Amino acid sequence: MAEQLTASVETFVPPASLADFAALARAVLPADVWDFVEGGSGTESTLAANRAALDRVAVLPRVLTGVDTPRTEAALPGGTCALPAAVAPMAYQKLLHPDGEVALAAAARTAGVPYVASTVASAPLEEVAAAGGAVWFQLYWLRDRVMVADLVDRARAAGCTALMVTVDVPVLGRRLRDVRNGFALPPHVTAANLAGGRDDLAHQGTPGRSAVAAHTGAVFHPAMSWADLAWLRERTPLPLVVKGVLDPRDAVRAAQAGADAVVVSNHGGRQLDGAPASATVLPEVVAAVGQRCTVLFDGGVRSGTDVLRALALGAAGVLVGRPLLWALAAGGRAGAEAALALLAAELRDALTLAGCPDPAAARQLRTLIGG
C-alpha cells in the first residue's frame, strides 16, 4: 500500500471542493481501510444522521452589510487561529499515507489551524508536535493511570497548546464493517504512543472480529468518571477540552469541572448508534453552557458552508475529520494542504454570501431547520 499511496502524490491534482476528495481517496485505498475510515457503528444510522441534520440547516443571510473580504480568524482554546476549525483527532493515519500524522500536522501548520494528535496515532506525539504548529493532544482514558499521567506530561513537554480528553469511548462501538472484514492493522502501523500497551492485539486479524476493537478493549478504561476528569484538571495547566458531549447537562457539568471547552460530538457516528446528530443538539448545548466555556462542533463537516452552519447554530468552531484523511490518502501533505486551503476558500465565500465580516458575526445569524 505504501508504494501505491506514494505514487498518488506524484500525480495529485487538487479537486474542486473538499467533498471531492472522497472519490480520490477511495480509488487508492484498500477496501478494508476505506471501510475503517468511513464506517460507523451498528446500522450507521447516526453516521447518516450527522450529514442529514446539517443539510436540514438553512442559514438566513444578511444583505447590504458592506462586506468585501471577510476575515476568517477565530479564537479557539490555546490561541487565535486562521480558521474557526481544527483537525479532528483521528487514529492510525499511516493507514492512509506513509507520512501519516506528520504530513497532516504539517499541513495544519501551513493552514494556521490546530492539529489534534490522537493517543492512538501511528507516529509519536513528539514527532507530530515538531511538525505541526498549534498541536493539541487528544487523550483516551487508559486502564494504566501511570501511562495516562505520562501522556499528559509528554503533551505539555512537547509544546502542545491544549489537552482534549475523549469521554464517549468506554468501549469501542461495534463497527460492523470492521467485524465483517476481520480488520487488523498492517505490521507497519502501530500505536506509537502506547509502548507496552498490547499493540500486538491490533495486528491479530481474525475473521468476524475487529482487531482494533480487541486492542482498545484491552487498554482503554471503560469507567472514566467525573472524579477522573477532576484529577485531569488538576494534573495539567493546559486548556482542557472535553470531547464527546451530547447531553446539555453533561456539558454544564464539564464546564463546572473546569473544562475550557466542550466538543458536541457523537464520534462521527462510530460509538452509540442511535445517538442524535451532533447538529441537532448543538443549539441546546450552547444555550445550556452560556458563557461558562467554549462550545465546538464535530460531526459531518464537509464544506465551508457546513462551518457557517455550525457557527450559526452557536459553535465557536468545528473539528474536521474524514475529509482530511481523504486528502491525506489522495495526496499526502500536498493533498491535505489543498483540502485546508479549499475549506478556507469555501468559508470565505460562505461568509461573504451570508453578509458576515467574520466568524463572530456568523454566530448571530438566524437558522431555519428543514430549509
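For clarity, every value in this text was computed on a predicted model and none was experimentally measured.

### Section: the overall build of the protein
Summing up its helical and strand segments, the protein has 15 helices and 12 strands in all. Relative to the globule expectation of 21 Å for 371 residues, the C-alpha radius of gyration of the protein, 19 Å, shows essentially globular dimensions. In terms of its C-alpha atoms, the protein occupies a principal-axis envelope of roughly 60 × 50 × 40 Å. By the burial criterion, 57% of the 371 residues in the protein qualify as buried. A separation threshold of at least 6 residues defines the contact pool for the protein, and within that pool the share at least 24 residues apart is 73%. Surface summary for the protein: the accessible area is close to 14,400 Å², and the carbon and sulfur share equals 54%. Treating the 31 positive side-chain charges of the protein as one cloud and the 34 negative ones as another, the clouds have centres 5 Å apart.

### Observations concerning the pattern of salt bridges
Oppositely charged side chains are able to pair whenever their charged atoms sit close together. Per the counting criterion, the structure on display carries 14 salt bridges. Among the salt bridges present, the one from aspartate 55 reaches arginine 309, with a minimum N-O distance of 3.8 Å. Residue aspartate 55 is found in helix α4 (residues 45-55), and its partner arginine 309 is found in helix α13 (residues 304-312); the two are separated by 254 residues along the sequence. You can call arginine 309 buried: its relative accessible area is 14%. As a salt-bridge pair, aspartate 247 and arginine 249 come within 2.7 Å of each other at their nearest N and O atoms. Assessed through its relative accessible area of 26%, aspartate 247 is described here as partly exposed. The network of salt bridges with shared partners includes Arg51, Asp55, Asp306 and Arg309.

### Notes on the environment of arginine 177
With respect to the helices, strands and loops of the structure, arginine 177 is situated in helix α8 (residues 176-181). Its relative accessible area of 24% is what places arginine 177 among the partly exposed residues. It is 9.8 Å that separates the C-alpha atoms of arginine 177 and tryptophan 34, two residues lying 143 residues apart in sequence. Contact partners of arginine 177, with chain neighbours within four places excluded, come to Trp34, Asp35, Glu38, Gly39 and Glu44. At 3.1 Å, the side chain of arginine 177 forms a polar contact with the side chain of aspartate 35.

### Regarding the nonpolar core
Ranked by internal contacts, the top residues of the largest apolar core, which has 112 residues, are Phe21, Tyr92, Leu95, Phe137, Leu139, Val262 and Phe297. Here this core takes 17 residues from helix α14 (residues 322-353), the largest share from any one element. Ranked by size, the runner-up nonpolar core spans 14 residues in total, among them Ala86, Ala162, Ala261 and Leu296.

The rules behind these values
- Residues numbered from 1 in each chain as written.
- Predicted model: local features only at pLDDT ≥ 70, side-chain atom pairs only at ≥ 80, totals over all residues.
- Heavy atoms only, no water.
- Helix = DSSP H or I, 4+ residues; strand = E, 2+ residues; numbered from the N terminus.
- Rg over C-alpha atoms; globule rule 2.2 N^0.38 Å.
- Buried < 20%, exposed > 50% of the residue type's maximum accessible area, 1.4 Å probe, protein only.
- Contact = heavy atoms within 4.5 Å.
- Areas by Shrake-Rupley, 256 points an atom, 1.4 Å probe, with all protein chains shown as cover.
- Lys, Arg positive; Asp, Glu negative; His and termini not counted.
- Charge placed at Lys NZ, Arg CZ, Asp CG, Glu CD.
- Salt bridge = Lys/Arg side-chain N within 4 Å of Asp/Glu carboxyl O.
- Polar contact = N/O pair within 3.5 Å; in protein donor to acceptor, adjacent residues only side chain to side chain.
- Core = buried A, V, L, I, M, F, W, Y, C linked by side-chain atoms within 4.5 Å.

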